[in-house]
Amino acid sequence: MPPKPGSGDEGGDVFDSVADVTARFAEHGYFADERLATTVFLQSRLGKPLLLEGPAGVGKTQLAKSLAEVTGRRLLRLQCYEGQDETTALYEWDYGKQLLYTQLLREKIGQIIGDAVGLAEAVDKIAAEDSVFFSEQFLAERPLLQAIRSEVPVVLLIDEVDRADEALEAVLLELLAEYQVSVPELGTYRAVHVPYVVLTSNNTRDLSAALKRRCLHLSLDYPDTERELAIIRSAGTGLADALARTLVEVVRGLRELELRKAPSISETIDWARTLAVLGASELTADLLAQTANVVVKYDRDLRRTLEALPGLVDPNATVPGPGAAGGHGHGHGEHDHGHSHAGHDDAGRGGAGRGGAEHDDEPADETGRAVRAAKDEPGRHSAAYYGEADADRKPPPVGKAQAERSFNARGARRRPV
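Because the structure is a prediction, the values reported are computed rather than measured.

## A few points about the overall build of the chain
Okay, so step 1: When its secondary structure is counted, the chain shows 18 helices and nine strands.
Okay, so step 2: Out of the 417 residues belonging to the chain, those deemed buried represent 36%.
Okay, so step 3: Considering only residue pairs separated by 6 or more positions, the chain has 70% of its internal contacts joining residues 24 or more positions apart.
Okay, so step 4: For the chain, the accessible surface area stands at approximately 24300 Å², while carbon and sulfur atoms represent 52% of it.

## Observations regarding the pattern of salt bridges
Okay, so step 1: The final tally for this structure, using the stated rule, is 14 salt bridges.
Okay, so step 2: Two residues, Arg142 and Glu92, come together in a salt bridge whose shortest N-O distance is 2.2 Å. Within this pair, whereas Arg142 is found in the loop between strand S4 (139-141) and helix H8 (143-149), its partner Glu92 is found in strand S3 (residues 91-93), the two being separated by 50 residues in sequence.
Okay, so step 3: Judged by relative accessible area, which is 25%, Arg142 ranks as partly exposed.
Okay, so step 4: Residue Arg163 pairs with Glu160 through a salt bridge whose shortest N-O separation is 3.0 Å.
Okay, so step 5: Taken together, the shared-partner salt bridges connect Lys261, Glu267 and Lys297 into one network.

## Notes on unusual backbone geometry
Okay, so step 1: For Tyr179, which is not a glycine, the phi torsion comes out positive at approximately 50 degrees.
Okay, so step 2: As for its position among the elements, Tyr179 is in the loop between helix H9 (166-178) and strand S6 (180-183).
Okay, so step 3: Phi at Glu258 takes a positive value of approximately 55 degrees, unusual for a residue other than glycine.
Okay, so step 4: Along the chain, Glu258 turns up in the loop between helix H12 (241-255) and helix H13 (265-277).

## A look at the layout of surface pockets
Where empty space is left in the structure can be found by rolling a water-sized probe over the atoms.
Okay, so step 1: In this model, the largest pocket occupies a volume close to 700 Å³.
Okay, so step 2: The wall of the largest pocket is formed by 33 residues, among which Gly57, Val58, Gly59, Lys60 and Gln62 lie closest to the centre.
Okay, so step 3: Residues belonging to the lining of the largest pocket are distributed by class as follows: eleven nonpolar, eleven polar and eleven charged.

## Observations regarding the side chain of Gln43
Okay, so step 1: Topologically, Gln43 is positioned in helix H2 (residues 34-46).
Okay, so step 2: Here Gln43 falls in the buried class, since its relative accessible area comes to 2%.
Okay, so step 3: If we skip the residues at most four places from it in the chain, Gln43 touches Lys48, Pro49, Leu50, Leu67, Tyr196, Val197, Val198 and Leu216.

## Focus on H9
Okay, so step 1: Compared with the 18 Å implied by 1.5 Å per residue over 13 residues, the 19 Å span of H9 between its first and last C-alpha is a close match.
Okay, so step 2: Residue Leu172 marks the point of greatest curvature in H9, where the axis turns by about 35 degrees.
Okay, so step 3: In the core, the buried residues of H9 are packed alongside helix H4 (86-89), H8, strand S5 (154-159), S6, strand S8 (196-201) and helix H10 (209-213).
Okay, so step 4: Once H9 ends, the next one or two residues include Tyr179, with phi positive near 50 degrees.

## Notes on the confidence of the model for the chain
Keep in mind that low pLDDT regions are not for reading the predicted coordinates in detail.
Okay, so step 1: Here the chain averages 77 in pLDDT, while 65% of its residues score no lower than 70.
Okay, so step 2: When the criterion is pLDDT under 50, residues 6-11 qualifies, and its contacts beyond four places in sequence or with other chains add up to eleven contacts.
Okay, so step 3: Across residues 319-368 the pLDDT falls below 50, and counting only partners more than four positions away or on other chains, this stretch makes 43 contacts in the model.

## With respect to the nonpolar core
Okay, so step 1: Formed by 35 residues in total, the largest nonpolar core has its most connected members in Leu144, Leu156, Ile158, Leu172, Leu176, Leu199 and Leu211.
Okay, so step 2: Looking at this core, the elements that each hand over two or more residues are strand S2 (74-79), S3, H8, S5, H9, S6 and S8.
Okay, so step 3: Among the elements that make up this core, the one with the highest residue count is H9 (five residues).
Okay, so step 4: Those residues within four positions of Leu172 in sequence are excluded, and the remaining contacts are Leu144, Ile158, Val161, Leu199 and Leu211.
Okay, so step 5: In terms of nonpolar packing, the next biggest core, distinct from the first, is built from 25 residues, Phe15, Val40, Leu52 and Leu216 among them.

## Thoughts on the sheet that holds S2
Okay, so step 1: With parallel pairing, the five strands of this open sheet are ordered in space as S2-S5-S8-S1-S9. Two strands bound the open sheet, and with one partner strand each, they are S2 and strand S9 (216-219). For this sheet, the mean inter-axis angle between neighbouring strands, taken without regard to orientation, is 20 degrees.
Okay, so step 2: Note: strand S1 (residues 50-53) against S8, four bridges, orientation parallel. By the bridge assignment for S8, Leu51 is matched with Leu199.

The rules behind the values
Residues numbered from 1 in each chain as written. Predicted model: local features only at pLDDT ≥ 70, side-chain atom pairs only at ≥ 80, totals over all residues. Heavy atoms only, no water. Helix = DSSP H or I, 4+ residues; strand = E, 2+ residues; numbered from the N terminus. Buried < 20%, exposed > 50% of the residue type's maximum accessible area, 1.4 Å probe, protein only. Contact = heavy atoms within 4.5 Å. Areas by Shrake-Rupley, 256 points an atom, 1.4 Å probe, with all protein chains shown as cover. Salt bridge = Lys/Arg side-chain N within 4 Å of Asp/Glu carboxyl O. 1 Å grid on protein atoms, 1.4 Å probe; cavity = no way out; pocket = protein on both sides within 12 Å on 5 of 7 lines; lining within 4 Å. Points joined across faces, edges and corners; volume = space filled by probe spheres on them. Nonpolar A, V, L, I, M, F, W, Y, C, P; charged D, E, K, R; others polar. Expected span 1.5 Å × (residues − 1). Bend = angle between axes of the 7 residues up to and from the residue. pLDDT = per-residue confidence, 0-100. Core = buried A, V, L, I, M, F, W, Y, C linked by side-chain atoms within 4.5 Å. Pairing = 2+ DSSP bridges. Axes fitted to C-alpha atoms, helices over the stretch in contact; angles between N-to-C directions.

This is the structure:
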């Protein structure tokens, strides 16, 4: 059986307490809350893998990196992706090297089968030597096997395991449960030093119950205001503390907008550095809008962000509605054109009341409806307005000059005889 973490073979990379975890991680710029620190402490004592699930950008991968820094262990990383198989995760045979050795040893192979009687005997003689070409000399280790065979303690990061196919999960089960890897041609390798294994998942799919059962599990979310502010301070962004606090509040507001991709902690740090480089002395909605592309990476998200920024910077600010810019959004702003606006907004905005189709659930403007109904009442105009003759109405008198012009015009249009 492989030694358990905490048995003394790892030296100084075992934590004394939960408080020790918190303090040592903070020294390396990772601010773990009590729940996370407790889970890491249990991992070091129980020798179980740690599965971290949560949205992208909450510090899952960084935890494994910081764990390697804190404990002084070497970091091995397996980046998972769709279609991945065991050859990129466990091991594969170096076929190019095997073929090269076969060419170099051609004469020796000829001597081995030189006295063979018949093809079957020659094949048997070659088969007796095939173990030479499936030895450790031709074994190409991948991260999982490297972690097991390493002569020094390591931290094994299996990143974004949810992106890999379920077949890879089956490959992981033996390693996670027994800290061993089986190579059919060579046998089973057991860990000399039990690795600290950290698996991360962005919840793009559900992981198998068998994999979760073998791990300590923790769901990570974005940190609270004070912890995120402490992270920004430790990163040395150069942004004033008061501005950094305001920026954190703005970012937390953006995360509540249900964006396609919410701003991550690392992107918040990048935004703080960007504002510091620009020499920001005050965080205005305009300045944040000009630099919002640092944290917002999709056009739809950017539009929502630009609409929300004024209210996030100043909760008391009045954000103009659609069409208010320039006072010509069919609502005509605050100026008057000398005619009634009742009902005009509805016609100019698709007949959906205020806001058009985006606000179909809002009640109709009763005043506008009454005005429109009044315009449809019969009798408001004379019969001539509707194309009918008016018996009481006499044609206006025609002057002599006008009659002569009309007669001359008709004569000019006649065809010559």
